[in-house]
Amino acid sequence: MSLLRILLLPLVIVLLLFVVIKSVWDVFFVAKRLRAAAEKGGAEEQFRYAEACHKGDGPPQDDDEAALWYRKAAEQGHAQAQRCLGDCYRLGRGLPCDEAQARFWYEKAAEQGDAEARELLAANSEKEGNMSQEAAQEVEGVRRAAEQGDAEAQFRLGQCYANGKGVPQDTAQAVIWYRKAAEQGFARAQNHLGICYDNGCGVTQDAAQAAVWYRKAAEQGFATAQCNLGWSYEKGKGVPQDDAQAAVWYRKAAEQGNMTAQNNLGFCYDNGNGVPQDYAQAAHWYRKAAEQGVAAAQHNLGFCYDNGNGVPQDDAQAVHWYRKAAEQGFANAQYALGHRYSLGQGVPEDDEQAVFWWRKAAEQGHAGAQNFLGMSYAKGLGVPQDDEQAILWLRKAAEQGFAEAQNNLALSYARGEGVPQDYEQAAFWWRKGAEQGYASAQYNLGWCYDNGNGAPEDDAQAAVWYRKAAEQGHVSAQFCLGYSYLHGEGVEEDAAKAVHWFRKAAEQGHAEAQYHLGLCYEEGNGVTEDEEQAVVWFRKAAEQGHADAREALVPYGVAIRNE
């Protein structure tokens with residue numbers, strides 16, 4: 001019997017090893033199959049994979065990964081996933097505690113008839129403003145484990161203090177417990193401690209200490225901390241500003257699926273920050289974040305399609321992604337979507353829809369949207385014409401330093417539209433726009449000096465501002481600068497320079513410049529006399545209805561048909 005046992009023992013060991021290896025192998029392939037199914041985009045498969053991550057049933061237990069996949073399924077309308085995502089926000093499980101977000105997702109699930117979500121909403125309503133006895137008891141259990149040195153419990157206790165869950169909210173106590181867990185190498189606690197230093201929550205704000213703790217967690221592969229460390233490098237917070245290092249850490253996080261890092265890495269490629277500029281790579285990373293619901297990335301991907309950067313230009317796709325971001329309240333996307341409706345690009349032209357989206361962005365303080373909403377009221381496009389509303393919105397944008405709105409507000413003062421006519425106020429706002437390099441404001445400020453309206457009459461200053469606008473291609477400024485050179489007003493008389501600027505304006509279709517250029521050719525003033533060229537330019541001006549040009553053509557026997 002003893003010999004038989006000896007002979008059977010290796011066989012038993014081999015069989016046990018086989019069972020263990022097969023079990024591990026099966027778990028590995030189950031996890032792999034679950035993820036592959038989830039990545040195909042089905043809400044049910046995404047929910048099942050999230051549940052597996054939450055329970056550690058197949059894939060390793062990972063609350064962050066679970067929250068990511070709950071969100072994917074929830075955004076497709078999966079009620080259980082919506083409720084579970086609410087749980088993540090309520091309990092700080094894989095996401096920061098956020099009662100408002102928890103309620104948002106519970107309501108979504110409840111609207112679809114999820115009974116548990118309805119019960120949670122009712123229970124939370126009853127407990128609002130009161131400390132739950134159950135929560136307090138739960139905290140005591142966590143505290144006992146934390147005081148015995150359990151790093152995860154220490155982190156969870158820090159979360160309780162940070163969010164006032166079962167204990168009075170106390171950010172200083174939160175920091176104490178985060179630090180205990182962080183000093184044991186618990187990556188999530190290290191990241192949270194970094195956030196506390198970054199924002200001065202419970203400790204004196206210290207960007208350098210924030211970067212220290214972000215790095216500790218980042219070097220353990222914690223994606224959120226990698227993204228945060230990348231941001232520190234991008235902004236030079238607590239570390240020397242370094243776009244290349246920012247891109248390195250964004251990439252590490254992005255390759256783990258961190259959606260914020262994916263958008264930020266896309267931005268690096270878009271602008272050549274720390275990496276060679278590469279629009280295709282920018283669009284690639286924006287898409288990854290956009291498909292996870294990041295509004296900024298959705299807007300950025302829309303912009304790629306808008307301009308054909310890294311993807312084929314596609315108005316419909318631009319609108320698709322702008323709309324996704326706009327519906328999440330992203331002001332830049334609302335502004336862009338308003339433009340699309342205004343121009344009828346990718347959508348039917350619709351001034352009311354343009355105003356609808358501009359208003360949403362304007363109410364968030366978007367200066368460009370405020371300007372266009374103001375101009376919509378001024379012109380009665382998509383809304384009833386209303387000069388007072390026009391001024392209200394133009395002023396909001398102008399006071400934020402938006403140069404186009406400063407120019408438009410100045411025009412309202414010059415014309416007395418919605419405000420009493422006031423050239424001094426017009427000149428005041430034109431100067432603000434002009435000093436920012438806005439060509440129309442530069443031209444208009446030149447006009448103020450030229451005519452002594454709102455500013456002392458000063459030909460030299462007029463010429464200065466006309467030149468600034470002219471060099472940016474402003475056609476009226478080009479004509480006025482040519483006229484200044486022709487007559488020596490504010491500049492030394494120079495017919496050749498006059499011809500230069502008349503030609504630039506004339507080639508853009510400016511009738512008065514075409515007529516004056518014709519005169520220069522006719523008289524050989526600043527250019528070799530050439531009657532044929534004179535007739536060419538007189539004709540161009542006359543065809544636009546310029547009366548003096550018509551008269552100038554009479555001696556040449558050229559008649560222009562009346563329209």
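Scoring rules and cut-offs
- Residues numbered from 1 in each chain as written.
- Predicted model: local features only at pLDDT ≥ 70, side-chain atom pairs only at ≥ 80, totals over all residues.
- Heavy atoms only, no water.
- Helix = DSSP H or I, 4+ residues; strand = E, 2+ residues; numbered from the N terminus.
- Contact = heavy atoms within 4.5 Å.
- Polar contact = N/O pair within 3.5 Å; in protein donor to acceptor, adjacent residues only side chain to side chain.
- Axes fitted to C-alpha atoms, helices over the stretch in contact; angles between N-to-C directions.
- Parallel < 35°, antiparallel > 145°, perpendicular 65-115°, else oblique.
- Left-handed = near helix turned anticlockwise from the far one by under 90°.
- Nonpolar A, V, L, I, M, F, W, Y, C, P; charged D, E, K, R; others polar.
- Buried < 20%, exposed > 50% of the residue type's maximum accessible area, 1.4 Å probe, protein only.
- Phe/Tyr/Trp six-rings, centres within 6.5 Å; stacked < 30°, edge-to-face > 60°.
- Expected span 1.5 Å × (residues − 1).
- Patch = residues over 30% accessible without salt bridge, like charges linked within 9 Å, V, L, I, M, F, W, Y side chains within 5 Å.
- Areas by Shrake-Rupley, 256 points an atom, 1.4 Å probe, with all protein chains shown as cover.
- Salt bridge = Lys/Arg side-chain N within 4 Å of Asp/Glu carboxyl O.
- Lys, Arg positive; Asp, Glu negative; His and termini not counted.
- Charge placed at Lys NZ, Arg CZ, Asp CG, Glu CD.
- Disulfide = S-S within 2.5 Å.
- pLDDT = per-residue confidence, 0-100.

Structurally, Gln-298 is set in helix α16 (residues 295-307). Gln-298 sits 26 residues away from Lys-324 along the chain, and the two C-alpha atoms are 6.6 Å apart. The residues touching Gln-298, leaving out its near neighbours within four places in the chain, are Ala-290, Gly-293, Trp-321, Tyr-322, Lys-324, Ala-325 and Gln-328. Only 3.3 Å separates the side chain of Gln-298 from the backbone nitrogen of Ala-325, close enough to count as a polar contact.

Let's shift gears to the packing of helix α27 (residues 495-507) against helix α28 (residues 511-523). Relative to each other, α27 and α28 sit at 140 degrees, their axes nearing to 8 Å. When the axes of α27 and α28 are compared, the pair comes out oblique. Both α27 and α28 take part in a crossing whose hand is left-handed. Residue-level contacts link Val-499, Phe-502, Arg-503, Ala-505 and Ala-506 of α27 to Ala-513, Gln-514, His-516, Leu-517, Cys-520 and Tyr-521 of α28. Broken down by class, the residue content of the contact of α27 with α28 amounts to eight nonpolar, two polar and one charged.

On to the environment of Asn-451. When you line up the elements, Asn-451 lands in helix α24 (residues 439-451). Residue Asn-451 is classed as partly exposed on the basis of its relative accessible area of 40%. Sequence-wise, Asn-451 and Ala-462 are eleven residues apart; in three dimensions their C-alpha atoms are separated by 8.8 Å. Polar side-chain contacts of Asn-451 include one of 2.9 Å to the backbone oxygen of Trp-447.

Turning next to the packing of aromatic side chains. By convention here, two paired aromatic rings are described through the distance between centres and the angle between planes. In this structure the tally under the stated criterion is 14 aromatic pairs. Ring centres of Phe-155 and Phe-186 lie 5.6 Å apart, and the angle between their planes is 40 degrees; on these two criteria the pair is classed as tilted. Residue Phe-155 is located in helix α8 (residues 151-163), and its partner Phe-186 is located in the loop between α9 (171-183) and α10 (187-199); the two are separated by 31 residues in the primary sequence. Look at Tyr-515 and Phe-538: their rings are 5.8 Å apart centre to centre, the planes differ by 40 degrees, and that puts the pair in the tilted class. Residue Tyr-515 is found in helix α28, and its partner Phe-538 is found in helix α29 (residues 531-542); the two are separated by 23 residues along the sequence.

Here we take up α24. Look at α24: 18 Å from first C-alpha to last across 13 residues, which is about the 18 Å you get at 1.5 Å a residue. Buried residues of α24: Ala-439, Ala-441, Gln-442, Tyr-443, Asn-444, Leu-445, Gly-446, Cys-448 and Tyr-449, and no others. Taken together, the buried residues of α24 touch α22 (403-415), α23 (423-435), α25 (459-470) and α26 (475-487). The first or second residue beyond α24 is Gly-452, which carries a positive phi of 65 degrees.

Before going further, it helps to examine a negative patch on the surface. On the surface, Glu-523, Glu-529, Glu-531 and Glu-532 cluster together to form a negatively charged patch. By secondary structure assignment, the location of Glu-532 is in helix α29. On the basis of relative accessible area, Glu-532 is assigned to the exposed category, the value being 66%.

The next subject is the packing of helix α20 (residues 367-379) against α22. The contact between α20 and α22 brings their axes to 9 Å, and the two run at 30 degrees. With respect to each other, α20 and α22 are oriented roughly parallel. In the packing of α20 onto α22, the handedness of the crossing is left-handed. Mapping the contact onto sequence places Asn-371, Phe-372 and Met-375 in α20 and Glu-404, Ala-405 and Asn-408 in α22. Across the contact of α20 with α22, the residue classes break down as three nonpolar, two polar and one charged.

Pairs may arise between side chains of opposite charge once their charged atoms sit close together. Applying the stated rule across the entire model yields six salt bridges. Notably, a salt bridge pairs Glu-140 with Arg-143, separated by 3.5 Å at the nearest N-O pair. With a gap of three residues between them, Glu-140 and Arg-143 both fall in helix α7 (residues 133-147), about one helical turn apart. Residue classification places Glu-140 among the partly exposed positions, given a relative accessible area of 37%. Here Asp-198 ties to Lys-237 by a salt bridge, and the two come within 3.1 Å at their closest N and O atoms. Taken together, the residues Asp-198 in helix α10 and Lys-237 in the loop between α12 (223-235) and α13 (243-254) connect sequence positions 39 residues apart. Here Asp-198 falls in the buried class, since its relative accessible area comes to 12%. Using a relative accessible area of 31% as the deciding quantity, one classes Lys-237 as partly exposed. Look at the salt bridges and you will find they share partners, linking Asp-306, Asp-315 and Arg-340 into a network.

All right, on to the side chain of Asn-309 then. Looking at the secondary structure, you find Asn-309 in the loop between α16 and α17 (315-326). When residues no more than four places from it in sequence are discounted, the contact partners of Asn-309 are Tyr-279, Ala-283, Phe-303 and Cys-304.

A word on the state of the cysteines. The full count for this structure, using the stated rule, is zero disulfides. With no disulfide partner, Cys-88 has as its closest neighbouring cysteine sulfur the one in Cys-84, 7.1 Å distant.

On average, residues of the chain score 89 in pLDDT, and 90% of them reach the 70 mark or higher. Counting contacts from residues 126-131, a segment whose pLDDT is below 50, to residues more than four positions away or on other chains yields five contacts.

Over its 13 residues, α27 runs 18 Å from end to end, which matches the ideal 18 Å to within 8%, given 1.5 Å per residue. Turning to α27, its buried residues number three or more, namely Ala-495, Ala-498, Val-499, Trp-501, Phe-502, Ala-505 and Ala-506. Close packing links the buried residues of α27 with α25, α26, α28 and α29. With its phi angle positive at about 95 degrees, Gly-509 sits one or two positions after the end of α27.

Topologically, Gln-478 is positioned in helix α26. One polar contact links Gln-478 to Gln-508, side chain to side chain, over a distance of 2.9 Å. In this structure, Gln-478 is in contact with Ala-470, Gly-473, Trp-501, Lys-504, Ala-505 and Gln-508, ignoring residues within four places of it in sequence.

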